[in-house]
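Next come the chains, spelled out residue by residue.
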Amino acid sequence: MTDSSLNISIKDVTKTYGDFYALKDVSLEVTSGEFLTLLGPSGSGKTTLLMVLAGFTNPDYGSVKFGGEEVVLKPPHLRGIGMVFQNYALFPHMSVAENVAYPQKLRGVSKEETRKSVEKALATVKLQGLGHRRVDELSGGQKQRVALARAIVFQPKILLMDEPLSALDKKLREEMQIELRQLHDSLNMTTVYVTHDQKEALTMSDRIAVINDGQLMQLGSPNEIYQRPKNAFIADFIGESSLLPAKVKGGFATIGSKKLKIAQELKKDGDFMLVVRPEKLFIANKKSRDANYFEGLVEDSIFQGESQLMVVKLNLENYGEVSLRLRLPNGSTNVGELPRVNEKIILGLKIADSYFLEAANGRD
Amino acid sequence: MVGIEQNFNQAELAQLARREHYTFFGLTLPYLVLVGAMIIVPIGWLFLLSFIGRDGSFSFENYERMINSKAYIRIFLTTFKISILTTLFCALLGYPLAYFMSQIPRKWANICMIGVLIPFWTSLLVRTYAWLVLLQKKGLVNTVAVDLGLLSEPIKFVHNTSGTLIGMVHIMLPFLILPLYANMRAIDPHCVKAASSLGATPVRAFWTVFFPLSMPGLIAGLLIVFVLCLGFYVTPAVLGGGKVIMAAMKISSNIELYFSWGAASALGVVLLVVTMLILFIASKLVSLDQFGQRS
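Conventions adopted
Residues numbered from 1 in each chain as written. Chains lettered and ligands numbered in written order. Predicted model: local features only at pLDDT ≥ 70, side-chain atom pairs only at ≥ 80, totals over all residues. Helix = DSSP H or I, 4+ residues; strand = E, 2+ residues; numbered from the N terminus. Buried ≥ 20, exposed ≤ 12 C-beta atoms within 10 Å, placed from the backbone. Contact = placed C-beta atoms within 7 Å. Rg over C-alpha atoms; globule rule 2.2 N^0.38 Å. Nonpolar A, V, L, I, M, F, W, Y, C, P; charged D, E, K, R; others polar. Domains from an automatic or database assignment. Pairing = 2+ DSSP bridges. Axes fitted to C-alpha atoms, helices over the stretch in contact; angles between N-to-C directions. Parallel < 35°, antiparallel > 145°, perpendicular 65-115°, else oblique. Left-handed = near helix turned anticlockwise from the far one by under 90°. Expected span 1.5 Å × (residues − 1). Core = buried A, V, L, I, M, F, W, Y, C linked by C-beta atoms within 7 Å.

Draft legend 1. Just the overall build of chain A, in detail. Scanning chain A from terminus to terminus reveals eight helices and 20 strands. Dimensions along the principal axes, computed over C-alpha positions, put chain A at roughly 75 × 50 × 40 Å. Residues counted as buried form 40% of the 364 residues belonging to chain A. At a minimum sequence separation of 6, the contacts of chain A that also span at least 24 residues come to 67%.

Right, here's the structure in full:
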């Protein structure tokens, strides 16, 4: 299926606005047929990068190649990309079918063929039979589907999406995430997807490129990014986590005067951060060798539907007070048996789950 | 749950809602009184006057004269010709300017807007005479052009149709630009971007997406300008130099020279009816809410 998609090669792309670096020497390879997500907080440069790919923003310098062909000097209409915008950007003066037929009309496709391709595209996004509707008669989710149909009707080899689901409510958004992913798998176009929603990125992507301050921070599979964040920013931005500064020396880590076992291979001694994910902590009834333990007091216990969130205050010797969050899936535990507020609790963290990152990679 | 019995506070809440209704209606009252007293009554009075002949009895003579007199027909033709041409030139000059203003950052657009509005706030009479000063035979334009050798002899800019048009276009331009610019600002810039990402050249994207979306503002501007032109008096009177006679000038002369309120009223009524007819046809041709809603 390589003929239905192209790889994208981004090299040293830099864009400044005055003194401000919106993008700083970003290099990135997107393989053919891949679903790659650009993830970052607002103002991180992820949208700028997408606009560079689309041709709406010219970088100061850098190279963008689609399938080996340099496109950075090409205007947007010659790049042959499908694009879905955040606010849909449907043409309000055209019907649904006219919107979807627009790119076909531009390409001089015959009427009969246009009609067929429009029907097919509308069917793909599950809007068959709604072609005659006016755009303003549609719900937000339907508008998003029309925008998608319009972007794929001419079978572009590259599909760009700029936070396409951000205007939808949570439930619909989560449905659409799975649908978009399935659609990508059946159409197989190279897809670059921009979002600030880390959960969305984890759900949909083959690989995630985390972008912050105009720089590529980490590129990897959702699993890698979540389990092995490269720095404190990523650990904090993706998923929930508590970061505890630790000193590593001779195969052990110390937080204050507390000693922790390490399974990870660390190249050197020095200052590190322990990344604690709330769902990796467990309540320890008895201690075993394969885990590190923390004793503390329950500060708060909150029922959140699918899970129970507990905030535990640790008082570490020579370190001070610190709070850890513990998330227990609902169903595995009987809430009545859990320690109550102000009761003592022992938290366990498997050594294999005790992930340390170099403090030098911290945000500051 | 209360079934057949009275629900809690139902009557009181309904009364509350009614009171709110009346309060809102009350807000429109001053306007309604003003319109009633200052517009509907005088127009009704004019309408009646137009059916009163010279001898003071009911008659159609004011309308008959209009149909039979070549002078009147010529005046109507002139009025429409000047109005249509002014509207056309306003569109040709105003659309590119409004488009330019809608595409630049708001800060710069506001500065441009001041440029549009300052003449708008200046007295009509002052601007009209200013054009006379500039364009007359020994005016600034002719003097400079002749001195520089661009013209061998002065061109007759004023006291004719061209002078009237220059002045009227200048005065009417803001009325076209204001609604058009507001409309263009509201067009989602992503729509044009979407068009070009889908393969449209900039020119194609403009004509297939931007222009249709700017139609409501353009039509609103055209209508305002055209209708204002139909009843315009000062500028054609001064710059036309008595050679361009529009309906409003005839109305004025009917009253001031001939004291013929009936004839003046009839002319006014016809002008009003024609204007309303045009608005009606325009609203049928293009339903104004058909375009421009943002998705």
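Draft legend 2. How the structure looks around the overall build of chain B. Along its length, chain B carries twelve helices and zero strands. Ordered by position from the N terminus, the helices and strands of chain B form the series α-α-α-α-α-α-α-α-α-α-α-α. In terms of overall dimensions, chain B is more spread out than a globule: its C-alpha atoms have a radius of gyration of 26 Å, far above the 19 Å expected for 295 residues. Seen along its three principal axes, the alpha-carbon backbone of chain B occupies a region of about 95 × 70 × 30 Å. Relative to its 295 residues, chain B shows a buried fraction of 28%. Within chain B, residue pairs in contact and separated by at least 24 positions form 73% of the contacts whose partners lie at least 6 positions apart.

Draft legend 3. Summary view of the interface of chain A and chain B. Taken together, the contact between chain A and chain B spans 22 residues of the former and 20 residues of the latter. Those elements that place two or more of their residues in the side of chain A that touches chain B are β6 (81-84), α2 (96-106) and α4 (140-152) of chain A. Looking at which element gives the most residues to the side of chain A that touches chain B, the answer is α2(A), with three residues. Residues of the side of chain A that touches chain B, tallied by class, amount to 15 nonpolar, three polar and four charged.

Draft legend 4. Summary view of the domain arrangement of chain A. All names here are of chain A. For chain A, the domain assignment lists domain 1 (2-232) and domain 2 (240-361). A separation of 39 Å is found between the C-alpha centroids of domain 1 and domain 2. Listed as interface residues are five residues of domain 1 and, on the opposing side, six residues of domain 2. Of the residues assigned to the side of domain 1 that touches domain 2, the class counts are two nonpolar, one polar and two charged.

Draft legend 5. Focus on the pairing of strand β12 (residues 252-255) of chain A. Residues and elements named next belong to chain A. Side chains Ala253 and Ile255 of β12 all project onto a buried face; the interleaved residues Phe252 and Thr254 project onto a face where none is buried. Strand direction decides the pairing type here: strand β11 (residues 242-249) and β12, joined by three bridges, are antiparallel. Bridge pairing in β12 places Lys247 opposite Thr254. Sheet analysis places β12 next to strand β13 (residues 258-261), joined by four bridges and oriented antiparallel. Paired with Ile255 across the strands is Lys258, a residue of β13. Counting the residues that bridge the hairpin from β12 to β13 gives two residues, and of these Gly256 lies at a positive phi of roughly 60 degrees.

Draft legend 6. How the structure looks around the packing of α2(A) against helix α3 (residues 111-124) of chain A. Residue and element names in this part refer to chain A. Across the interface, α2 lies against α3 with an axial gap of 9 Å and an inter-helix angle of 125 degrees. In terms of orientation, α2 lies oblique with respect to α3. Seen from above, α2 lies across α3 with right-handed handedness. For the pair formed by α2 and α3, the contact residues are Ala97, Val100, Ala101, Gln104 and Lys105 on the first element and Thr114, Ser117, Val118, Ala121 and Leu122 on the second.

Draft legend 7. Focus on the sheet that holds strand β15 (residues 282-283) of chain A. Residue and element names in this part refer to chain A. Judged by pairing direction, the sheet is antiparallel, and its five strands sit side by side in the order β15-β19-β16-β17-β18 without closing on themselves. The open sheet terminates on both sides in strands that have one partner only, identified here as β15 and β18 (320-329). For β15 and strand β19 (residues 344-350), the ladder comprises two bridges, and the chain directions are antiparallel. Bridge pairing in β19 places Ile283 opposite Leu347.

Draft legend 8. Structural context of helix α12 (residues 261-285) of chain B. All names here are of chain B. Compared with the 36 Å implied by 1.5 Å per residue over 25 residues, the 36 Å span of α12 between its first and last C-alpha is a close match. Within the sequence span of α12, burial applies to Gly262, Ala263, Ala264, Ser265, Ala266, Leu267 and Gly268. On its buried face, α12 sits against α1 (10-49), α2 (61-68) and α11 (247-256).

Draft legend 9. Seen up close, the sheet that holds strand β2 (residues 20-30) of chain A. Residue and element names in this part refer to chain A. If you trace the four strands from one edge of the open sheet to the other, you get β2-β1-β4-β5, paired in antiparallel fashion. Each edge of the open sheet is held by one strand with a lone partner, namely β2 and β5 (69-70). Here strand β1 (residues 8-17) runs beside β2; their pairing, made up of seven bridges, is antiparallel. Bridged to Val13 within β2 is Val26.

Draft legend 10. Examining the pairing of strand β10 (residues 215-220) of chain A more closely. All names here are of chain A. Note that strand β9 (residues 207-212) and β10 share five bridges and pair antiparallel. Paired with Val210 across the bridge in β10 is Gln218. Hairpin connection, β9 to β10: the antiparallel pair is bridged by two residues, and Asp213 has positive phi, about 50 degrees.

Draft legend 11. Representation of unusual backbone geometry in the model. All names here are of chain A. We note that Gln155 has phi near 50 degrees; this positive angle belongs to a residue other than glycine. If you check the backbone angles, Asn342 has positive phi at about 75 degrees while not being a glycine. Its location among the elements puts Asn342 in the loop between β18 and β19.

Draft legend 12. The nonpolar core, seen in detail. Judged by nonpolar contacts, the single largest core of 144 residues is most densely connected at A:Val100, A:Ala149, A:Leu160 and B:Met172. With 13 residues, the single largest contributor to this core is helix α7 (residues 161-186) of chain B. Both domains that meet at this core, namely domain 1 (2-232) and domain 2 (240-361) of chain A, each give it at least three residues. What A:Val100 contacts, discounting residues up to four positions off in sequence, is A:Val118, A:Ala121, A:Leu122, A:Val146, A:Ala149, A:Arg150 and A:Val153.

Draft legend 13. Representation of the packing of α11(B) against α12(B) in the model. Residues and elements named next belong to chain B. The N-to-C vectors of α11 and α12 enclose an angle of 160 degrees; their axes lie 8 Å apart at closest approach. The angle between α11 and α12 falls in the class roughly antiparallel. Taken as a pair, α11 and α12 cross one another with a handedness that is left-handed. Residue-level inspection shows Ala247, Lys250, Ile251, Asn254 and Ile255 of α11 in contact with α12, the latter providing Trp261, Ala263, Ala264, Leu267, Gly268 and Leu271. Looking at side-chain class alone, the contact of α11 with α12 contains eight nonpolar, two polar and one charged residues.

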